[in-house]
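Take a look at the letters that make up each chain.
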Amino acid sequence: MKRFRLCGLVLLLLLLFSRGGYDRAAADETGTMSEAAVLLSSMSVAERVGQLFLVTFPGSTVTEESDIADLIRNYKVGGVALMAENDNFSDEESLPVQITRLTSDLQQLALWGRIMPASTTPISDIIPPTATPPPTGVSIPLFIAASDEGGGPPDTEIRGGLTPIPSEMAIGATWQPDFARAVGEIVGSELTVIGVNMLLGPSLDVLEKPAPAGQSDLGTSVFGGDPYWVGQMGQAYIAGVHSGSQDRVAVIATHFPGNGSSDRPIDEEVSTVRKSLEQLKQIELAPFFAVTQAETPPASRADGLLTTHIRYQGFQGNIRATTAPISFDLQALNTLLQLPQFATWRATEGLLVSDRLGVGAVRRFYDDTGQDFPHRRIAKDALLAGNDLLFVAQFSLLDGDYAQQLANVKDTIGWFQERYQMDPSFQQRVDQAATRVLATKLALYGGDFSAENVLPVVENVPALLNQRQPEMFDLAQQAITLISPGQEELSARLPNPPTGSDNIVIFTDVRQATQCSQCPARPIIGQDALQERMLALYGPQASGQVRADQISSFSFADLNAFLKAGPGPIPPPTPTPVITATVESQNPPAPAAPSPAYVVQEALRRADWIIIALLDANPAVPDSGALNDFLAQRPDITRNANTVVFAFQAPYYLDTTEISKLTAYYSVYSKTSPFLDAAVRVLFQEIPASGHSPVTIEGVGYDLFTVTQPSDDQVIQLFLLSDGALQSPANDEPQEMVVGETLRLQTGVIVDQNGHPVPDGTLVAFTQLDRVNGFVSVIAQRPTVNGVANLDYVLEARTGQFRITAAAGNAKTSLEVDIAIGDNVRVVVITPTPAPTPIPTSTPLPTPRPTVTVTTSPTPALTPTPAAPTPEPGLLIPLVDMSMLLGMMTGVGLLAAAGILLGNNQHLPPANHLRFTLWGISGGLLTYIYYLLRLPGSDALLPLGAWAAILTTLGGGLLGLSLGWWRSRHA
């Protein structure tokens, strides 16, 4: 019987793959991992090994004779990465069409082993299934990977034809995950159109402490510096990519386990971070937990993580021990992946992609002399550490040596094939990794690897792109942030925008960027870009607020020339006399062209407004420090004009002294058209600067940890939760319950100092006041989820009146839930008097939480008459709390015993003996009453409960005994 089953399985596999395709209907229905295992069983050693490699190649086109065609056809590589630095993107008028043709040709090589001529005829008509035999083996589509960081050059890889998306930091500055999702949808949709099926992003690095002067500056390629919000934005962005691509783009979140604390870029050297695993869980790993843990909705989970080359000192608690780079450290990487937040994801769907294996950090780690590049060992170590897809970019000793890189890739693949056949453990690891790669591809294409389902459609590509510009304008207006001064002070400094009588001088940090090595250089922000937007929005053809002759635009190079000329006046140019061959001509001298320094001087002399478009402070760009030098050398000029700086990169490149010399300082975060437009509109006071920085800015004392704490001027809402509905019963409509029931309480959304929901895990203290006895206790501390905390309160069988309130951090005021327990239970929600002014919240609530009034039916056996609202007494004198009474009596007993013992010890007469003891008891009772009346200082003892009664009684009693002893000695 076993033989028949084995023969049947072999026959099934032959039928499945006899045509080089994959039949999903015949696959195991338990999931893509099982389907991938079935597919793997039909593949050769070369095909299995090849699936592990993500390769690069030069050029924007591909032919059947090209090196990349050889890697695809004969080495069976699993994917290619398109990169601007490799000239994969041309500077054609229709760049997306070029990319789509390129991705189509690459996939044709993978599926058929050849490239069909360009045609508008449908694929099914060009290649009938029975007309063209498939290539040898199983036809598996490629991963075609690209990054799309946004924000404009140089971070944006594809710089034409697609929607200009913002940087991650710009998205973070909105504090609205809906914007992250919208951007993700655009990215996913457009990448699918051009044939890219793997996104190397988004970055989930947490920029906890910006280092503007350091080499590891991450710029705007991060969502922010708060782990919770980075995770929220990452979840929304990933869900958007999946939605926009209809799950046809694999999202590989970078840079696991987090580059935010690194002190140098991976292009130079491996960074060492001194953090334990517990510290990493709190900061760096938290966003990755958010996109992998089982509680995360499937659409928001990352398909893979890109492991970066970073090592940790003190990872397992021993501060002297240092890991290898995580990407090569089996033990450290497995320790991370075995955490509960990763374990299920890794077991079912999680793909690990190595960071580039030929960068400077890797070269120096394996040979710090720079003489050798052990490519075989590097790839093997990365695979055995746990990486499934090996990104073999820059895979040679020297940058730009593609011939050697190609040779190293081929040699490594061939060596892997040999080891696979000789080493069973290596074979097992290759099969595990290849299965994950195949499972991800099966998920992308629904198990259908036919050409009709895989190849992108080249026709009408431009019409399918760049369709959602208005949303990016909305995002830009929500992101732009006023860094300094505060809004109230700014209104006093700049009550009016520029007018028709004002002269405006603009300085722009003009830098060049190219799409490819042979493409013309273009400015990242043009020298006249802001001027053009001003005239388009407010010039003569618009509102007429400004004219072209009022505006002068210069580069940072011009500003530097002005500064180098010195503080004194720059003389005008001297006319050049016209001289003939023999005698001086009678013609007037020809006017000399003024120097840039002189032109800047004259413009600044008349300037009412100085507008500066700032990028980052980059030592490799000599003119990038022109603004810093200008503020240091010529504060006299900035004092006489409204000086406004717009930071189009990160907001932390100026220090406190420099910022103090500015009239206003804004952060824009991106360099694309919508953000230039938003900057100009803010300058002309058409829109407010609505954003808040998602990172710490030391120059203005903006600390992200502080501003994400609960705002102290809010009133925390409290609701009763019943059958999923929120209710807030008032005095005239109390909710009636019975003893033993659970009262479910829920706060409203608790906001931070910027008006956004506080991060998950913010503790909310629920406090109970016994309104009869005055006893106060913290009954529970609950963490927030989406800004909301919940409490289940069991109604105990004890008569009394109780009040529950909530507090979070410095937010001490909340609505009050009053509970009256008698024959039945009556519950009302009271607004404290006087009610503070409600705080407007601009951020939409994460989950709709309507306030509806629902009255619970009273207990049938009890029909109490609603009582009129009881006014608050001016003084609460507690009388009945038995625990407090027993505590006081215990204290009195101890004092009496102490008095007797001390009296005997002093050999006092009986009368003095009694007087001495009464002094102690009187002192104890007086301090006990002081505590019960809640007089100043007594609140500190509230958490001690009945122990407070004992301590106050003993404390006062000891003072009384001391006074009695003193009198007895001086009587």
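Residues numbered from 1 in each chain as written. Predicted model: local features only at pLDDT ≥ 70, side-chain atom pairs only at ≥ 80, totals over all residues. Heavy atoms only, no water.

## Side note on the nonpolar core
Point 1. Residues Phe53, Leu106, Tyr237, Phe507, Ile611, Phe646 and Phe648 are the most contacted members of the largest nonpolar core, which totals 227 residues.
Point 2. Per-element accounting of this core gives the leading share, 10 residues, to helix α17 (residues 424–445).
Point 3. If sequence neighbours within four positions are ignored, isoleucine 611 has contacts with Ile504, Val505, Ile506, Phe507, Leu530, Met534, Val644, Phe646 and Leu683.
Point 4. Counting residues in hydrophobic clusters, the runner-up holds 28 residues, among them Leu718, Ala806, Val827 and Val829. (Core = buried A, V, L, I, M, F, W, Y, C linked by side-chain atoms within 4.5 Å. Buried < 20%, exposed > 50% of the residue type's maximum accessible area, 1.4 Å probe, protein only. Helix = DSSP H or I, 4+ residues; strand = E, 2+ residues; numbered from the N terminus. Contact = heavy atoms within 4.5 Å.)

## Some words on helix α27 (residues 673–683)
Point 1. Burial within α27 is extensive, with 10 of its 11 residues counted as buried.
Point 2. Buried residues of α27: Pro674, Phe675, Leu676, Asp677, Ala678, Ala679, Val680, Arg681, Val682 and Leu683, and no others.
Point 3. Where α27 is buried, its residues meet α7 (168–174), α19 (469–479), α21 (529–538), β16 (609–614), β17 (642–647) and β18 (664–667).
Point 4. Glutamine 685 occupies a position one or two residues after α27 and carries a positive phi of about 60°.

## Brief notes about the sheet that holds strand β7 (residues 304–307)
Point 1. With respect to topology, 8 strands assemble into an open sheet ordered β9-β7-β5-β4-β3-β2-β1-β10, the strand pairing being parallel. In this open sheet, the two edge strands, each paired with only one partner strand, are β9 (351–354) and β10 (390–391).
Point 2. For strand β3 (residues 143–146) and strand β4 (residues 198–203), the ladder comprises 2 bridges, and the chain directions are parallel. Looking across to β4, one finds that alanine 145 is bridged to methionine 198. (Pairing = 2+ DSSP bridges.)

## What to know about the sheet that holds strand β26 (residues 790–794)
Point 1. Strand order across the open sheet formed by 4 strands is β21-β20-β23-β26, with antiparallel pairing between neighbours. The open sheet is flanked by β21 (725–727) and β26, the only strands paired with a single partner. Each strand axis lies, on average, 35° off the axis of its neighbour in the sheet, ignoring direction.
Point 2. Direction of pairing for strand β20 (residues 718–722) relative to β21: antiparallel, over a ladder of 3 bridges. Its bridge partner lying in β21, leucine 721 is registered against leucine 726. (Axes fitted to C-alpha atoms, helices over the stretch in contact; angles between N-to-C directions.)

## Here we look at empty space enclosed by the protein
Point 1. One pass over the structure, following the stated rule, counts 1 cavity of 30 Å³ or more.
Point 2. Of the volumes computed, that of the largest cavity is approximately 50 Å³.
Point 3. Here the lining of the largest cavity is composed, by residue class, of 6 nonpolar, 3 polar and 1 charged. (1 Å grid on protein atoms, 1.4 Å probe; cavity = no way out; pocket = protein on both sides within 12 Å on 5 of 7 lines; lining within 4 Å. Points joined across faces, edges and corners; volume = space filled by probe spheres on them. Nonpolar A, V, L, I, M, F, W, Y, C, P; charged D, E, K, R; others polar.)

## A look at the packing of helix α22 (residues 556–564) against helix α24 (residues 626–633)
Point 1. Between α22 and α24, the least distance of the axes is 9 Å, while the angle of their chain directions is 35°. Considering how the two elements wind past one another, α22 and α24 form a crossing that is left-handed. Of α24, the residues touching α22 (which contributes Phe556, Leu559, Asn560 and Leu563) are Ala626, Leu627, Asp629, Phe630 and Gln633.
Point 2. Tallied by class, residues from the contact of α22 with α24 come to 6 nonpolar, 2 polar and 1 charged. (Left-handed = near helix turned anticlockwise from the far one by under 90°.)

## Digging into the pairing of β9
Point 1. Taking every second residue as pointing to the same face, both faces of β9 are buried, with Leu351 and Val353 on one and Leu352 and Ser354 on the other.
Point 2. In terms of strand pairing, β7 meets β9 through 4 bridges, oriented parallel. Across the sheet, glycine 304 pairs through a bridge with leucine 351, a residue of β9.

## Re the packing of helix α8 (residues 177–193) against helix α9 (residues 227–245)
Point 1. Across the interface, α8 lies against α9 with an axial gap of 6 Å and an inter-helix angle of 35°. In this structure, α8 crosses over α9, and the sense of that crossing is right-handed. Contact residues: α8 offers Pro177, Ala180, Arg181, Val183, Gly184, Glu185, Val187, Gly188, Ser189 and Thr192, while α9 offers Trp229, Gln232, Met233, Ala236, Tyr237, Ala239, Gly240, Val241, Ser243, Gly244 and Ser245.
Point 2. Across the contact of α8 with α9, the residue classes break down as 10 nonpolar, 9 polar and 2 charged.

## Points about α22
Point 1. The complete set of buried residues in α22 reads Phe556, Asp558, Leu559, Asn560, Phe562 and Leu563.
Point 2. Just downstream of α22, glycine 566 is the residue with a positive phi angle, here 95°.

## Some thoughts on the state of the cysteines
Point 1. On inspection of all chains with the given rule, the structure shows 1 disulfide.
Point 2. The disulfide partner of cysteine 516 is cysteine 519, and the S-S distance across this bridge is 1.8 Å. Sign of the S-S torsion, about 90° for the bond between cysteine 516 and cysteine 519, identifies this disulfide as right-handed. Note on accessibility: cysteine 516 and cysteine 519 belong to one class, buried. (Disulfide = S-S within 2.5 Å.)

## Some details on the side chain of arginine 346
Point 1. Secondary-structure assignment places arginine 346 in helix α13 (residues 340–348).
Point 2. Apart from residues lying up to four places away in sequence, arginine 346 is in contact with Leu337, Leu351, Leu352, Gly386, Asp388, Arg429 and Arg436.

## What to know about the environment of glutamine 487
Point 1. Tracing the sequence through the fold places glutamine 487 in helix α20 (residues 487–493).
Point 2. Glutamine 487 sits in the partly exposed class, given a relative accessible area of 47%.
Point 3. Between the alpha carbons of glutamine 487 and alanine 664 there is a distance of 9.9 Å; along the sequence they are 177 residues apart.

## Observations concerning the confidence of the model for the chain
Point 1. The pLDDT averaged across the chain works out to 85; a share of 84% of its residues lies at or above 70.
Point 2. Low confidence marks residues 128–134, where pLDDT is under 50. Its contacts with residues over four positions away, or in another chain, come to 6 contacts.
Point 3. Predicted confidence for residues 835–880 stays below pLDDT 50, and this span has 69 contacts to residues more than four positions away or in other chains. (pLDDT = per-residue confidence, 0-100.)

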